[in-house]
Amino acid sequence: MSMNKGKKETNKMRIRAFPMTMDQKYVDNIWALLKNAIQEIQKKNNSGLSFEELYRNAYTMVLHKHGEKLYTGLREVVTDHLVNKIREDVVESLNNNFLQTLNSAWNDHQTSMVMIRDILMHMDRVYVQQNTVDNVYNLGLMIFRDQVTRYPNIRDHLQQTLLDMVARERKGEVVDRGAVKNACQMLMVLGIESRTVYEEDFERPFLDQSGEFYRRESQKFLEENSASVYINKVEARINEEAERARHYLDNSTEDPIVKVLEDELISKHMKTIVEMENSGVVHMLKHNKTEDLACMYKLFIRVPQGLKTMCDCISAYLREEGKALVQDEGSKNAITYIQSLLDLKDRFDHFLHQSFSEDRQFKQMVSGDFEFFINLNQKSPEYLSLFVDDKLKKGVKGMSEQEIENVLDKCMVLFRFLQEKDVFERYYKQHLAKRLLLNKSVSDDSEKNMISKLKTECGCQFTSKLEGMFKDMTVSTSTMDEFKGHLQTSGTNLHGVDLFVRVLTTGFWPTQSATPKCNIPTAPRMAFEAFRRFYLAKHSGRQLSLQPQLGSADLNATFFGTKKDDVDASGASSAPKGGPRKHIIQVSTFQMCVLMLFNNRDKWTYEEMKSETDIPEKDLMRAVQSLALGKMTQRILVKEPKTKEIESDHTLVVNDQFTSKLFRVKIQTVAAKGESEPERKETRSKVDEDRKHEIEAAIVRIMKARKKLQHNILIAEVTEQLKVRFLPSPVVIKKRIEGLIEREYLARTPEDRKIYTYVA
């Protein structure tokens, strides 16, 4: 066993290091050689040196574990040269060619350190790595930093020189940008992969000095200039400083210096700038200075709270303008009221596109403000409906379909701001009914287009009744074709009445719950009865009730009185002309009832008319006013005495001298500028009644799905569901909850009265 082991050992081959030791004298000689070479390189006398031999010598020293002697020696030689030669030269040049001398010394030092690094490359690879000390080149940088650039006199003078040169350039003087750039680059390199040296020796003092400079300049600028001039100067200064940082300071200084400017020139004076009298934001808005606003926006968006400061000021102005519009109703009808709101919206949309780059915060601010002031006026939904009505009626002069479409789109924007969309729906239904029944719609396409816009906005529940109205119109047309066929086959005589009936489904149309009374004259009444018999025979189980307030009639009228021509230009009138004149008079059903009275008698008092026709007071008054007090070319009746008011004992006779250039004369009903106050209250009470049902339906829907809910959460969910149509108040919702508890749809939980459960 031991024999084998011995055998194995004799076979193993070992390589040992070559036994060689260097005596101290030999080491000293090599170092003396290297030291001399380093000093010659520093003096720029390196042409006679053999770099290969020097490298070998350095290699030998490191190999024989004398790396520390070499490293320490290098540090001492470099330090000695920089302290005794370079530093003294730089200190002497403090007042003469300082930057050039420092830059020249720095370049020479860098060059010499590259050469020295090449000679001592093996030390960098082995000794430096093993002992984790700084490499040769970085050692040279650190000694230059500590012994030259950070030598107190030099450090302070360098800093002051650079700051003075920047300050001079800010005042418009020309300075040696190259020298500044070299100095900044030197400080960056001396940081050895960090900005510390540059930051401490130059950037921080530079930013402090800049802050102080621009603090003073901003005060001076603000005192001497308007807001727009100030903004332009700030923009120029920011560009100038950014360009300076990019070109001859270090690139990394661009953001900090721009930040200093933003703080000193914008952040600290935002409120002062926007509120400047005769030049601030309000002035710019009033005078449509879109470019100035755009410049201000570009600057303010750079700083925190900048846009908010602008928005607050603009919002205050917009709300003031908007409130003035919605509260100043005396001088405005519905059309000018909505048009002025649309004009205001257009103005601010223009600013949004041209000045504020479609900024989301600005957009939301405008929407919030419009929603605020448009809902200050309870008549806004009614007026918006009247405005749309005006645009969709026949006879809108000079508007193409595309223009109408654009106006409707703008109306939809206002519609979105309305909180009481259900009130708008009620009025819209009334106005649409009149357009359809009196055949006043500009086109079915435009009407359907508007309904589809409302449908997109609020869903089909909102527009289902409006669509039902269109369906009724179509069905009525085919029903009348069938009725005419029936008249021919049955030989029924309508006694000269050409009847056209629209059959309206009660739920769709805004018909009054109590149909207004009215004694229809015999001939049209008999004709309607013939239609009623035909219709009910066809549709058993249905009921027909006449709605006189929605109808119209064409009457054949003959005037026998003498007709006088208009006075001619010379002032003389021509001879009277005789002979009966025939016209077709287009009137409402109520006006027809009034006019046909005169077939029985020549003269009627207003009181007699009232008792004979049984027309409601309000409708009769409007009918008589239109016939006796309307335009001169439409006065079919003459009233005695000739006053503007109509009293019970005033008499009315046919105006036999009536004349018109038109054969078909349309009598305009005295237009109601929106509803009267009693009508408005009635509409409001109907809306409130409808809302009760909608709130209850929403509560039941939510509770059915959730089974159990806390009071506040239920109120929040109901509000969320209904806000598309209107904004219910918590008090009203609470009342509806109480009503549902009484009717046993909901119950309170015994342990907590604020929690409700759904009773199935």
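Caption draft 1: Representation of the sheet that holds strand β7 (residues 708–710) within the structure. The strand order across the open sheet built from three strands is β7-β9-β8, with neighbouring strands paired in antiparallel fashion. One side of each edge strand has no neighbouring strand; the edge strands of this open sheet are β7 and β8 (746–748). Geometrically, the sheet is characterised by an average inter-axis angle of 30° between neighbouring strands, direction not taken into account. Note that β7 and strand β9 (residues 755–758) share three bridges and pair antiparallel.

Caption draft 2: Geometry of the packing of aromatic side chains. Under the definition given, this model contains 20 aromatic pairs. Each ring, one from Y337 and one from Y383, has its centre 5.0 Å from the other, and the planes form 75°; the classification is edge-to-face. Of the two residues, Y337 sits in helix α18 (residues 334–354) while Y383 sits in helix α20 (residues 380–392), which places them 46 residues apart along the sequence. Like Y383, Y337 is buried. Plain terms: the ring middles of F531 and Y535 are 5.8 Å apart, the flat faces sit at 25° to each other, and that makes the pair stacked. Of this pair, F531 and Y535 both sit in helix α25 (residues 522–538), four residues apart, which is roughly one turn of that helix. Judged by its relative accessible area of 0%, F531 falls in the buried class. When its relative accessible area of 5% is taken as the criterion, Y535 is described as buried. By way of ring pairs, the aromatic residues F483, F531, F534 and Y535 are connected into one cluster. Lying over the aromatic face of W604, R601 brings its terminal NZ or CZ to 3.9 Å of the ring centre.

Caption draft 3: Quick peek at the pairing of β9. Taking every second residue as pointing to the same face, the buried face of β9 carries Y756 and Y758, while none of I755 and T757 on the other face is buried. As paired elements, β8 and β9 share three bridges and run antiparallel to each other. By the bridge assignment for β9, L746 is matched with Y758. As consecutive antiparallel partners, β8 and β9 are separated by six residues.

Caption draft 4: Representation of the pairing of strand β1 (residues 552–559) within the structure. Burial of β1 is one-sided: the residues A553, L555, A557 and F559 facing one way are buried, the residues S552, D554, N556 and T558 facing the other way are not. The pairing of β1 with strand β2 (residues 581–588) spans eight bridges and is classified as antiparallel. Residue pairing in the sheet places N556 in a bridge with I584 of β2.

Caption draft 5: Structural view of the sheet that holds β1. Spatially, the three strands line up as an open sheet ordered β1-β2-β6, and their pairing is mixed. Single-partner strands in this sheet number two, and they are β1 and β6 (664–666). With strand direction ignored, the average angle separating the axes of adjacent strands in the sheet is 30°. When β2 meets β6, the two strands line up parallel, connected through three bridges. Along β6, the bridge assignment pairs I585 with V665. Here helix α26 (residues 589–597) sits on the sheet and contacts β1 and β2; the angle it forms with β2, its principal contact strand, is near 135°.

Caption draft 6: Main features of the packing of helix α24 (residues 460–490) against α25. Put simply, α24 and α25 touch, their axes get as near as 11 Å, and they point 110° apart. Considered as vectors, α24 and α25 are oriented roughly perpendicular to each other. Mapping the contact onto sequence places T479, M480, E482, F483 and H486 in α24 and A530, F531, F534, Y535 and K538 in α25. Among the residues making up the contact of α24 with α25, the classes are represented as six nonpolar, two polar and two charged.

Caption draft 7: Examining unusual backbone geometry more closely. One non-glycine residue, Q305, lies in positive phi territory at about 65°. Here Q305 lies in the loop between α16 (290–300) and α17 (306–327). Although it is not a glycine, E358 adopts a positive phi angle of roughly 55°. With respect to the helices and strands, the residue E358 is situated in the loop between α18 and α19 (360–374).

Caption draft 8: Layout of the pattern of salt bridges. Within the structure shown, the criterion is met by 57 salt bridges. Put simply, R416 and E457 hold a salt bridge, and the shortest N to O gap is 2.8 Å. Note that R416 is positioned in helix α21 (residues 401–417) and E457 in helix α23 (residues 444–458), a separation of 41 residues in sequence. The exposure class assigned to R416 is partly exposed, which follows from its relative accessible area of 41%. You can call E457 partly exposed: its relative accessible area is 28%.

Caption draft 9: View of the environment of C311. Mapping C311 onto the fold places it in helix α17. According to the relative accessible area criterion, C311 is buried, its value standing at 5%. It is 64 Å that separates the C-alpha atoms of C311 and E482, two residues lying 171 residues apart in sequence. Setting aside its immediate chain neighbours within four residues, C311 contacts Q361, F362 and M365.

Caption draft 10: Highlighting the packing of α23 against α24. Where α23 meets α24, the axes come as close as 8 Å, and the angle between the chain directions of the two elements is 160°. Considered as vectors, α23 and α24 are oriented roughly antiparallel to each other. α24 is crossed by α23, and the crossing has left-handed handedness. Contacts from D444, E447, K448, I451, L454, K455 and C458 in α23 reach C460, F462, T463, L466, E467 and F470 in α24. Among the residues forming the contact of α23 with α24, the class breakdown is seven nonpolar, one polar and five charged.

Reading the values: the criteria
Residues numbered from 1 in each chain as written. Predicted model: local features only at pLDDT ≥ 70, side-chain atom pairs only at ≥ 80, totals over all residues. Heavy atoms only, no water. Pairing = 2+ DSSP bridges. Helix = DSSP H or I, 4+ residues; strand = E, 2+ residues; numbered from the N terminus. Axes fitted to C-alpha atoms, helices over the stretch in contact; angles between N-to-C directions. Phe/Tyr/Trp six-rings, centres within 6.5 Å; stacked < 30°, edge-to-face > 60°. Buried < 20%, exposed > 50% of the residue type's maximum accessible area, 1.4 Å probe, protein only. Lys NZ or Arg CZ within 6 Å of the ring centre and 35° of its normal. Contact = heavy atoms within 4.5 Å. Parallel < 35°, antiparallel > 145°, perpendicular 65-115°, else oblique. Nonpolar A, V, L, I, M, F, W, Y, C, P; charged D, E, K, R; others polar. Salt bridge = Lys/Arg side-chain N within 4 Å of Asp/Glu carboxyl O. Left-handed = near helix turned anticlockwise from the far one by under 90°.

That is the geometry; function is a separate question.
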